[in-house]
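Descriptive analysis of the structure
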Amino acid sequence: MIAYGLGIASRDSALAVIETYFPRPAVASEGAAVRKLADLCGLPGGGSGYRWLDDGGIEAFAALAAAIGEPQQQELAARLRGCETLLLCVVDSSLAPASVPEAFLKLHLLSHRIARPHEQNLDKLFAVLHNLAWTSRGPVSLPDLPALQLEARLQGETLTVHSVDKFPKMTDYVVPAGVRLADSARIRLGAHIGAGTTVMHEGFVNFNAGTAGAAMIEGRISAGVVVGENSDLGGSSSTMGTLSGGGVEIVSVGRNCLIGANAGIGMPLADGCIVEAGLYLTAGAVVRQLGASGELLRTCKARQLAGLSGQLFRRNSLSGAIECLPRGRQVALNEELHVHN
Amino acid sequence: MIAYGLGIASRDSALAVIETYFPRPAVASEGAAVRKLADLCGLPGGGSGYRWLDDGGIEAFAALAAAIGEPQQQELAARLRGCETLLLCVVDSSLAPASVPEAFLKLHLLSHRIARPHEQNLDKLFAVLHNLAWTSRGPVSLPDLPALQLEARLQGETLTVHSVDKFPKMTDYVVPAGVRLADSARIRLGAHIGAGTTVMHEGFVNFNAGTAGAAMIEGRISAGVVVGENSDLGGSSSTMGTLSGGGVEIVSVGRNCLIGANAGIGMPLADGCIVEAGLYLTAGAVVRQLGASGELLRTCKARQLAGLSGQLFRRNSLSGAIECLPRGRQVALNEELHVHN
Amino acid sequence: MIAYGLGIASRDSALAVIETYFPRPAVASEGAAVRKLADLCGLPGGGSGYRWLDDGGIEAFAALAAAIGEPQQQELAARLRGCETLLLCVVDSSLAPASVPEAFLKLHLLSHRIARPHEQNLDKLFAVLHNLAWTSRGPVSLPDLPALQLEARLQGETLTVHSVDKFPKMTDYVVPAGVRLADSARIRLGAHIGAGTTVMHEGFVNFNAGTAGAAMIEGRISAGVVVGENSDLGGSSSTMGTLSGGGVEIVSVGRNCLIGANAGIGMPLADGCIVEAGLYLTAGAVVRQLGASGELLRTCKARQLAGLSGQLFRRNSLSGAIECLPRGRQVALNEELHVHN
């Protein structure tokens, strides 16, 4: 997939690009558009890259947008004329991002729901992105920060540093339709938030992760984890990631699942499963698999049950044993909380 | 109960009211005041509603305030003269809110500690409130947001979106006396925070929920849940709500309780109870109830123990069984952390 | 240890000092410097205190800095000339802070990594610090807040209250080198964040606590708790504090440890230990200590195992018993996530 966008870049005091905002990222759907964009971007062999646009460049882009039938892009070009740090970026989803604009464009595509998690090569993302202070005055490189903080104080002004990280928060770039995000500091740019999803204050969504559709998220969706439609992650529930200290299997959550408050999973959960509040189901936990009448079918590692839908995982409150059994109660997202998103 | 307030409204680009700030909500305690307010508000039959106030309206309100002996309201009216989006709102606690100002007034009453949780009809609250972007420039309707974000960027300014939700954070409307709220993003307008309460960063308080008096809150108080005086909710502890995916019994916490870090309750907890760190006590968990000497009294569902005060709930670390026994150690809130609030 | 700093103070409407920002706190390493600073600060007997600096005072400080060979302090003095609320503060690490500037200086020393946790007397800190509203316009005393909020509204401006607390967030004062702090609202001034540490959104670090070096922190480091190098605290993991409702033993985490998501410790953890996700290991939990072949060595309280390195703590998923056994798998922090901090 080839995607592109007009971007407004931020630069540090050494004029290095540290961040880029893409108001309207888009996919180039057919060959002619792809070639024209590559030309304009100075990429004769195709691939990914970016180019600064001066007035001539903006005109050329506007003409290109007209030629490929994208009036919204034309309109945006007109709006951005005069912007001093304007660039055009093109990314090939199969290539690792090699610059800050490319990295930001790929993260935008996820948050605009143009790309879904796992569809893009994000190798070396951490090496490309700069660790920045995200402040009330926008992104600031860390060497530049102390002088800026002192300056603000002396002027009697306030400069707040919300975060020191490679990723900003998504809502400062886009708010996709039909979602509620109670504490946006916990939603990284690059999160894919499906329409109808509510993320409560305790919820968290990392980049290249998120929900496929409607969901109630009060737990943590680690990088790479996708939660299926109509699922419910209870308060502080955990989906084990693979980035740091975790396991090696990619965790996912099926449709119509319920992970209870303070629970967790270290293995994929199939459709219609429930994990009892407080139970951390690691992939290697030894589990007693029971039948519908409570009879013991077998004892196995939790990961061997990963494909089974409609199961309830609990810790027997008398024996302390982790059990898996076919479940009864339906999980129903509270209509009222989602219909009005 | 009839309550009222002068409110400053925010409107979107279509002039719909999206939010209202009430500097000084109050209760109309006697019949004459109630009738005068209803008249001024254009509510001949009583009930709830609001009315825009022009200069004549503000004068009429000031006169009403003088007549009912409310000099603070008179003073406020003088202060608000000239405000272009000024309104008077009256709410009947027994009627469901039917407009944004009514909804906001009811939430203010809770946060001003004028009303306590469960005292007001909040039916259909989610249908009445707008899902908004809460930004560094105040509330913005979602359709209006993209243009505003782009505009800010082009001006070299920063527009941060803190939250996308129907509820703003309480501290932007009122900070009641005698509380500490370490991360105010986690305290919704409509939360009732008792004097002497500290809510640490991990703590969370939803609307129509909160604490009756002094408390140390590092866990999550779900909508509808009230925590009694001198109780302590440990880090990331959970009080199961009824809004989404939870149970059906309203959970509450008595006085002098301690819910350990990462623990949780799915049933009401009577006075003086302790829930061991890490234990999620669901209403349906089968529990061994022990006597003071450790003898087994009976095995029953946790919910059957809901009324018993002075109990310790733990998971036996050798047998894995959940147990309930009369407790020894007192729970004492650290004086130093609360006396100086 | 004697430390000092030029500070810019904030005062409330009654002119009481409520906060102080120290751009460049430092240690006075030798006797002559200590004496000169004490003199300039009006402390003939030594100890801790502060003094307002007028133009003459700033000159005297600049001369002192030159005399003790501190060109950076001279440079800062030049920069701060003209500042109306400038002070010089000196603190003796062994004395309890008795004023707001002294308290803030001690917290700065921790966050600048000049002092480590437990090296300074912080007695009565809560009594000295003011509970303040931390706003988009800086610190505001609580009595001053309502008028300011109303004023802002009438001017069509936004005043956001991020927090109501005695402690501000660290990043508004300093961002030490080599760290990532995804949600800075959760890092208090006074936190000691070691170089190479990443604190994710779910992580939290209190004052007088933190990490000794590189670490991945997604859990809560309570006041007084120090985490050793190359350790990993999983999402929402808990280190029990002693401030409120917790135990009495100071908890610490050794090097190369892994505390799983939603797990917790109520006792110190020696080097190389792992606590399974979801397990809360309280100091008093009765644990089965196993040998390398799984044989039972003894049953004892968890606190008796506090000194043992290289242990895995888990809850047996069949028997429900908490077990401690020598561990196999190495814990390795993901290089990519830390090298680029």
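Rules and cut-offs
- Residues numbered from 1 in each chain as written.
- Chains lettered and ligands numbered in written order.
- Predicted model: local features only at pLDDT ≥ 70, side-chain atom pairs only at ≥ 80, totals over all residues.
- Heavy atoms only, no water.
- Salt bridge = Lys/Arg side-chain N within 4 Å of Asp/Glu carboxyl O.
- Helix = DSSP H or I, 4+ residues; strand = E, 2+ residues; numbered from the N terminus.
- Buried < 20%, exposed > 50% of the residue type's maximum accessible area, 1.4 Å probe, protein only.
- Least-squares fit on C-alpha atoms with pLDDT ≥ 70 in both.
- Contact = heavy atoms within 4.5 Å.
- Pairing = 2+ DSSP bridges.
- Buried area = accessible area lost by both parts, 1.4 Å probe.
- Nonpolar A, V, L, I, M, F, W, Y, C, P; charged D, E, K, R; others polar.
- Phe/Tyr/Trp six-rings, centres within 6.5 Å; stacked < 30°, edge-to-face > 60°.
- Lys NZ or Arg CZ within 6 Å of the ring centre and 35° of its normal.
- Polar contact = N/O pair within 3.5 Å; in protein donor to acceptor, adjacent residues only side chain to side chain.

We now examine the pattern of salt bridges. Under the definition given, this model contains 36 salt bridges over all chains. Arg188(C) serves as the salt-bridge partner of Asp165(C), at 2.9 Å between the closest nitrogen and oxygen. Taken together, the residues Asp165(C) in strand β8 (residues 161–165) and Arg188(C) in the loop between β9 (180–181) and β10 (191–192) connect sequence positions 23 residues apart. Judged by relative accessible area, Asp165(C) falls into the buried class, the value being 1%. Judged by relative accessible area, Arg188(C) falls into the buried class, the value being 2%. Each of Arg186(A), Glu202(A), Arg186(B), Glu202(B), Arg186(C) and Glu202(C) takes part in salt bridges that share partners, so that together they form one network.

Right, let's get into the relation of the copies chain B and chain A. It takes a turn of 120 degrees to lay chain B on chain A, together with a shift of 0.0 Å along the axis; the resulting RMSD is 0.0 Å. Interpreted geometrically, this transformation is the action of a three-fold axis. When C-alpha distances to the rotation axis are compared across chain B, the minimum falls at Gly320(B), with a value of 2.2 Å. By residue overlap, the copies meet through two different surfaces: only 16% of the interface positions of chain B are interface positions in chain A.

The next subject is the pairing of strand β24 (residues 296–301) of chain C. Pairing of strand β23 (residues 286–290) of chain C with β24(C), which is carried by five bridges, proceeds in the antiparallel orientation. Looking at β24(C), one finds that Arg288(C) is bridged to Thr299(C).

To continue, consider the interface of chain C and chain A. Each partner contributes to the interface: chain C provides 50 residues, whereas chain A provides 49 residues. Summing both partners gives a buried area of about 3800 Å² for chain C against chain A, and 50% of it is carried by carbon and sulfur. At the boundary of chain C with chain A, the tally comes to four salt bridges. Across the pair Glu19(C) and Arg153(A) runs a salt bridge whose closest N-O atoms are separated by 2.4 Å. Of all the elements in the fold, those that place two or more residues in the side of chain C that touches chain A are β1 (2–11), β2 (17–21), α3 (71–80), β9 and α7 (335–339) of chain C. Per-element tally for the side of chain C that touches chain A: the top contributor is α3(C), with three residues. Classifying every residue of the side of chain C that touches chain A gives 18 nonpolar, 19 polar and 13 charged.

The next thing to look at is the relation of the copies chain C and chain A. At an RMSD of 0.0 Å, chain C and chain A line up after a rotation of 120 degrees and a shift of 0.0 Å along the axis. The two copies present different faces, since only 16% of the interface residues in chain C are matched by interface residues at the equivalent positions in chain A.

As a further point, take the packing of aromatic side chains. Residues and elements named next belong to chain A. Evaluation of the coordinates by the stated rule reveals 21 aromatic pairs over all chains. Between Phe104 and Tyr173, the ring centres sit 6.2 Å apart and the planes meet at 45 degrees, which makes this aromatic pair tilted. Remark: Tyr173 occurs in the loop between β8 (161–165) and β9 (180–181) and Phe104 occurs in helix α4 (residues 100–111); sequence separation between them is 69 residues. This pair shows no difference in class: Phe104 is buried, exactly as Tyr173 is. Sitting over the face of the ring of Trp52, Arg11 holds its NZ or CZ atom 5.0 Å from the ring centroid.

Moving on, we get to the interface of chain B and chain A. Taken residue by residue, the interface counts 49 residues in chain B and 50 residues in chain A. Between chain B and chain A, a total of about 3800 Å² is buried, with carbon and sulfur atoms accounting for 50% of that surface. Inspection of the chain B/chain A interface yields four salt bridges. With a closest N to O distance of 2.5 Å, Arg186(B) and Glu202(A) form a salt bridge. Where chain B meets chain A, there are 23 residue pairs in polar contact (both at pLDDT 80 or more). The set of elements that each furnish at least two residues to the side of chain B that touches chain A consists of α5 (125–128), α6 (145–154), β8 (161–165) and β23 (286–290) of chain B. The biggest single contributor to the side of chain B that touches chain A is α6(B), with seven residues. Taken together, the residues of the side of chain B that touches chain A sort by class into 20 nonpolar, 18 polar and 11 charged.

All names here are of chain A. Relative to the elements of secondary structure, Ser222 occurs in the loop between β15 (220–221) and β16 (226–227). A polar contact is formed between the side chain of Ser222 and the backbone oxygen of Thr239, at a distance of 2.6 Å. When sequence neighbours within four positions are dropped, the list of residues in contact with Ser222 reads Asn206, Ala209, Thr239, Met240 and Gly241.

Once that is clear, we can look at the sheet that holds strand β16 (residues 226–227) of chain C. Residues and elements named next belong to chain C. Ordered by their spatial adjacency, three strands build an open sheet running β10-β13-β16, and the pairing between neighbours is parallel. Pairing within the sheet leaves two strands with one partner each, and these edge strands are β10 and β16. Pairing of strand β13 (residues 209–211) with β16, which is carried by two bridges, proceeds in the parallel orientation. Each residue of the ladder has a partner; that of Thr211, found in β16, is Val227.

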